[in-house]
Amino acid sequence: MHIIKFITFLTIGFFSLAANAALDIEITGGGAQQTPIAIVPFGNGKSIKEDMAKIISDDLYRSGLFRPLNTSGMPNLPTNAAQIKYPEWAALQAQAVVVGDVSALSDGRFNVAFQLVDVLKQQPLVDMDFQLQAKHARMTAHKIADVIYEKLTGHPGAFASRIAYVKKLGERHFLYVADSDGYNSQSLVNSNEPVISPAWSPDGSKMAYVSFEKKKPIVFIHTLTTGERKIVANYKGNNSAPAWSPDGKRLAIVLTYGANSQIYTINASGGDLQSITKSRGIDTEPAFSPDGKWIYFTSDRGGKPQIYKTSANGGSEVSRVTFEGAYNVSPRFSPDGTKLVYIRNDGGRFRVAMQDLTNGQVQLLSEGSQDESPSFSPNGRVILYATKKGARGSLASVSFDGKVRQSLSEARGDVRESAWGPMLK
Amino acid sequence: MKNATTIHSKLLIAAAISMLLVACKSTPMKDDAAVEDKSAGMSTSDGSDVKGAVIDGSGGDGSMNELNDPNNILSKRNIYFDYNSDAIRAEFRPNIEAHAKYLQAHSNAKVTLQGNADERGTREYNLSLGQRRSVSVKTALNLLGVSDSQIETVSYGEENANPACGDDDCYQADRRVEIVYPNE
């Protein structure tokens with residue numbers, strides 16, 4: 001009886017997710033081992049506008065690793081661990097239950113107490129309190145989802161993070177910043193000229209990007225909270241491909257003057273320009289290794305574009321990193337520095353490839369034909385990239401093991417130039 | 001003040017990204033059921049407010065002169081290239097020679113050579129490919145006696161490319177250098 005109920009609830013659950021889709025999410029693969037989990041609506045949850053339990057539930061669902069039970073199938077709605085009747089949840093096959101309670105504080109803020117319990121062992125796994133302003137309820141819910149994810153999988157979550165992407169709508173170019181679940185999107189730049197190559201500062205407070213607003217590519221740094229925009233590189237010719245050093249103090253950039261693209265570093269506050277590469281061909285798309293010692297970059301010095309590395313302090317020594325395939329570009333590191341993602345031209349199809357830097361193994365991860373702009377999630381477990389459906393760009397993501405895929409599309413406009421930012425503090 | 005900071009286009013972008021956080025194996029609950037300390041109230045902050053900017057460029061005055069007289073070769077501003085090539089085809093020589101002559105006769109005139117690529121490949125790499133083509137036209141102008149101080153080479157990469165190309169006739173139109181006289 002319970003089993004039949006459960007299946008019914010699941011059907012309803014999936015239906016409601018689809019109906020909720022202001023966002024068009026498609027998930028394939030990775031579904032075989034989803035942990036059933038119950039996220040019970042929080043007590044006094046209506047005192048703040050956002051439904052935190054729903055946000056947590058959606059986060060965990062989209063990870064591809066959890067199957068949240070539908071609220072309408074819950075036997076009752078406990079708001080703390082002491083109220084949980086374990087056999088009822090065990091009958092629904094829930095392995096874990098999340099309960100929470102919201103209460104108003106005297107200073108106008110709210111306290112959210114939440115607990116995660118193990119149904120089989122009948123004991124709490126996490127018991128935490130958060131104090132927040134009502135407007136931070138969504139991000140707090142993402143932080144709670146990260147705590148649950150880490151406790152149940154053993155790996156840090158990355159729900160409490162943001163992404164950036166560029167959308168072209170008509171003749172306008174927008175650079176957007178949004179929460180990792182696509183909500184709370186805000187436009188950082190709205191221009192009639194192209195914007196490309198957004199790059200998050202390591203602390204997430206600033207964005208470097210390339211704007212063509214002066215009819216040529218120039219590198220800007222934009223402080224997110226103040227809106228202050230500062231030109232960091234406007235030399236003769238092109239100024240492009242900004243990449244932050246891990247300490248946030250310097251940027252690697254590409255300048256051309258009157259010749260081909262070459263890599264330089266410059267202070268993030270401007271000045272102290274230092275030449276890194278000196279070749280007659282194209283050197284571009286620099287990326288600092290997370291230890292700050294190396295700059296990996298794309299170069300056609302060998303005839304075809306491949307990825308090379310050189311010391312972040314300059315110097316003439318350059319060694320090649322990619323050897324398979326005739327076109328490997330756009331290197332980006334995993335946060336721990338053990339993996340590199342890049343774009344490979346695989347028989348006419350541009351796809352995301354991941355190279356294990358510890359053993360050199362390469363795996364093709366994406367399945368599109370014009371995939372670009374790969375970047376790792378801050379927990380290193382997902383790669384976000386730009387892809388194309390017909391003539392229209394959208395975003396997609398794939399887990400590092402290739403098992404869980406998502407396509408993320410906006411209803412209108414051409415989306416491209418994705419970049420996943422650091423965790424929000 | 002509603003400066004563009006916030007376009008409230010409700011983000012349809014799929015949420016989900018965050019989600020995909022995948023574990024390497026099936027992820028049953030961890031065995032060690034340690035209870036985390038009741039934290040003494042973590043304060044969650046914001047960091048989520050963003051201020052943006054609206055940018056509108058301004059055009060030139062569009063006045064008519066020999067540069068944009070449709071009967072003058074100087075109005076022909078596009079030099080086209082073969083796939084993956086920065087070699088200037090013979091058919092565009094007269095064009096480049098005419099601009100070289102104009103620039104030498106008008107020593108205060110400045111020109112921007114704007115390289116372009118078709119959409120295949122990544123944006124930053126195509127920016128560099130477009131630059132390669134603009135450098136090729138610059139070198140041709142230099143050889144005809146035009147001073148470096150009158151020329152700036154820049155690239156738009158694939159930013160002006162037609163996103164709906166399916167064949168080389170279409171891609172061909174995107175592989176070009178545009179000769180632009182700023183403030184024209």
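Scoring rules and cut-offs
Residues numbered from 1 in each chain as written. Chains lettered and ligands numbered in written order. Predicted model: local features only at pLDDT ≥ 70, side-chain atom pairs only at ≥ 80, totals over all residues. Helix = DSSP H or I, 4+ residues; strand = E, 2+ residues; numbered from the N terminus. Rg over C-alpha atoms; globule rule 2.2 N^0.38 Å. Buried ≥ 20, exposed ≤ 12 C-beta atoms within 10 Å, placed from the backbone. Contact = placed C-beta atoms within 7 Å. Domains from an automatic or database assignment. Axes fitted to C-alpha atoms, helices over the stretch in contact; angles between N-to-C directions. Parallel < 35°, antiparallel > 145°, perpendicular 65-115°, else oblique. Left-handed = near helix turned anticlockwise from the far one by under 90°. Nonpolar A, V, L, I, M, F, W, Y, C, P; charged D, E, K, R; others polar. Pairing = 2+ DSSP bridges. Core = buried A, V, L, I, M, F, W, Y, C linked by C-beta atoms within 7 Å. pLDDT = per-residue confidence, 0-100. Right-handed = clockwise from strand over helix to strand, strands pointing away.

Here we take up the overall build of chain A. Across its full length, chain A holds 4 helices and 30 strands. Here the C-alpha radius of gyration of chain A, 23 Å, is about what a compact globule of 425 residues would show, namely 22 Å. Seen through its C-alpha atoms, chain A measures out along the principal axes to roughly 75 × 50 × 40 Å. Taking all 425 residues of chain A together, 54% fall into the buried category. Sequence separation of at least 24 residues holds for 44% of the intrachain contacts in chain A that already meet a minimum separation of 6.

This next bit is on the overall build of chain B. Looking only at helices and strands, chain B features 3 helices and 6 strands. Secondary structure elements of chain B, listed N to C terminal, follow the sequence β-β-β-α-β-α-β-α-β. A burial count over chain B gives 36% of its 184 residues as buried.

The domains assigned to chain A are domain 1 (2-153) and domain 2 (161-423). Domain 1 of chain A and domain 2 of chain A are separated by 35 Å when their C-alpha centres are compared.

What follows covers the packing of helix α1 (residues 93-105) of chain B against helix α2 (residues 123-143) of chain B. All names here are of chain B. At their nearest, the axes of α1 and α2 sit 9 Å apart, and the two run at 60 degrees to each other. Regarding the angle of α1 to α2, the classification is oblique. Seen along the crossing, α1 lies across α2 with a hand that is right-handed. Note on element contacts: α2 touches α1 through Val137, Ala140 and Leu141, opposite Ile96, His99 and Ala100. Grouping the amino acids of the contact of α1 with α2 by side-chain chemistry returns 5 nonpolar, 1 polar and no charged.

Residue and element names in this part refer to chain B. Read from one edge of the open sheet, 4 strands run β3-β6-β4-β5, paired in mixed fashion. Only two strands of the sheet have a single partner each, and these edge strands are β3 (78-80) and β5 (151-157). Each strand of the sheet is rotated relative to its neighbour by a mean of 20 degrees, with strand direction disregarded. Relative to strand β6 (residues 176-180), β3 is paired through 3 bridges, and the arrangement is antiparallel. Within β6, the position partnered with Tyr80 by the bridge is Arg176. Across the face of the sheet, α2 comes into contact with β3, β4 (111-116), β5 and β6 while running at roughly 150 degrees to β5.

For the rest of this paragraph, the subject is the nonpolar core. One recurring pattern in soluble globular proteins is that nonpolar side chains are buried together. All names here are of chain A. Formed by 79 residues in total, the largest nonpolar core has its most connected members in Ala164, Leu175, Ala208, Ile253, Ile295 and Ile383. Apart from the residues lying within four places of it in its own chain, the contact partners of Leu175 are Ala164, Val166, Ser187, Leu188, Val189, Val195, Pro198 and Tyr209. If you look at the next biggest cluster of nonpolar residues, it comprises 48 residues, including Ile48, Met52, Val112 and Tyr149.

On to the environment of B:Asn126. Positionally, B:Asn126 belongs in helix α2. Those residues in contact with B:Asn126 that lie beyond four places of it in its chain are B:Ala117, B:Gly121, B:Gly157 and B:Glu158.

Residue and element names in this part refer to chain A. Close contact between helix α2 (residues 52-62) and helix α4 (residues 137-153) brings their axes to 9 Å; oriented N to C, the two are set at 50 degrees. In terms of orientation, α2 and α4 fall into the oblique class. The interaxial crossing formed by α2 with α4 has right-handed handedness. For the pair α2 and α4, contact is made by Met52, Ile55, Ile56, Asp59 and Leu60 and by Ala137, Arg138, Thr140, Ala141, His142, Ile144, Ala145, Ile148 and Tyr149, respectively.

Time to look at unusual backbone geometry. Despite not being glycine, A:Gln93 shows a phi value in the positive range, around 70 degrees. Looking at where A:Gln93 falls in the secondary structure, it is placed in the loop between α3 (86-91) and β4 (96-104).

As a further point, take the confidence of the model for chain B. All names here are of chain B. Confidence along chain B averages 77 in pLDDT terms, with 69% of residues attaining 70 or more. No element of chain B has a lower mean pLDDT than strand β1 (residues 42-43), which averages 50, and none a higher one than β3, which averages 97. A low-confidence stretch, residues 1-41 stays under pLDDT 50, and its non-local contacts, those more than four residues away or across chains, total 136 contacts. With pTM at 0.85, the complex prediction returns an ipTM value of 0.87.

Side-chain direction in a regular strand flips from residue to residue, so the side chains alternate between the two faces of the sheet. Residue and element names in this part refer to chain B. Burial runs high along β4: 5 of the 6 residues are buried. Taken together, the 6 bridges between β4 and β5 define a ladder with parallel strand orientation. Paired with Gln114 across the strands is Val154, a residue of β5. Between β4 and its parallel partner β5, the chain crosses via α2, and the hand of that crossover is right-handed.

All names here are of chain A. Spatial ordering of the open sheet is given by β22-β23-β24-β25, a layout of 4 strands whose pairing is antiparallel. The open sheet terminates on both sides in strands that have one partner only, identified here as β22 (328-333) and β25 (362-364). The mean angle between the axes of side-by-side strands here comes to 25 degrees, regardless of whether they run parallel or antiparallel.

Turning next to the environment of B:Asn84. Residues and elements named next belong to chain B. Along the chain, the position of Asn84 falls in the loop between β3 and α1. The class for Asn84 is partly exposed, based on 13 C-beta atoms found within 10 Å. When the C-alpha positions of Asn84 and Ile179 are compared, they lie 20 Å apart, and in sequence the two are 95 residues distant.

What follows concerns the pairing of strand β23 (residues 339-346) of chain A. Of all the 8 residues making up β23(A), 6 are buried; the element is thus mostly covered by neighbouring parts of the structure. From the end of β22(A) to the start of β23(A), which pair antiparallel, there are 5 residues, and A:Gly337 there has a positive phi angle of about 75 degrees.

Moving on, we get to the confidence of the model for chain A. Taken residue by residue, chain A gives an average pLDDT of 90. The fraction at 70 or more is 92%. Segment residues 1-25 of chain A: pLDDT under 50, and 33 contacts once partners within four positions in sequence are set aside and those in other chains are kept.

Moving on, we get to the environment of A:Thr298. Structurally, A:Thr298 can be placed in strand β19 (residues 294-299). Sequence-wise, A:Thr298 and A:Gly170 are 128 residues apart; in three dimensions their C-alpha atoms are separated by 31 Å. Apart from residues no more than four positions distant in its own chain, A:Thr298 is found in contact with A:Thr284, A:Glu285, A:Pro305, A:Ile307, A:Val329, A:Ser330, A:Pro331 and B:Tyr125.

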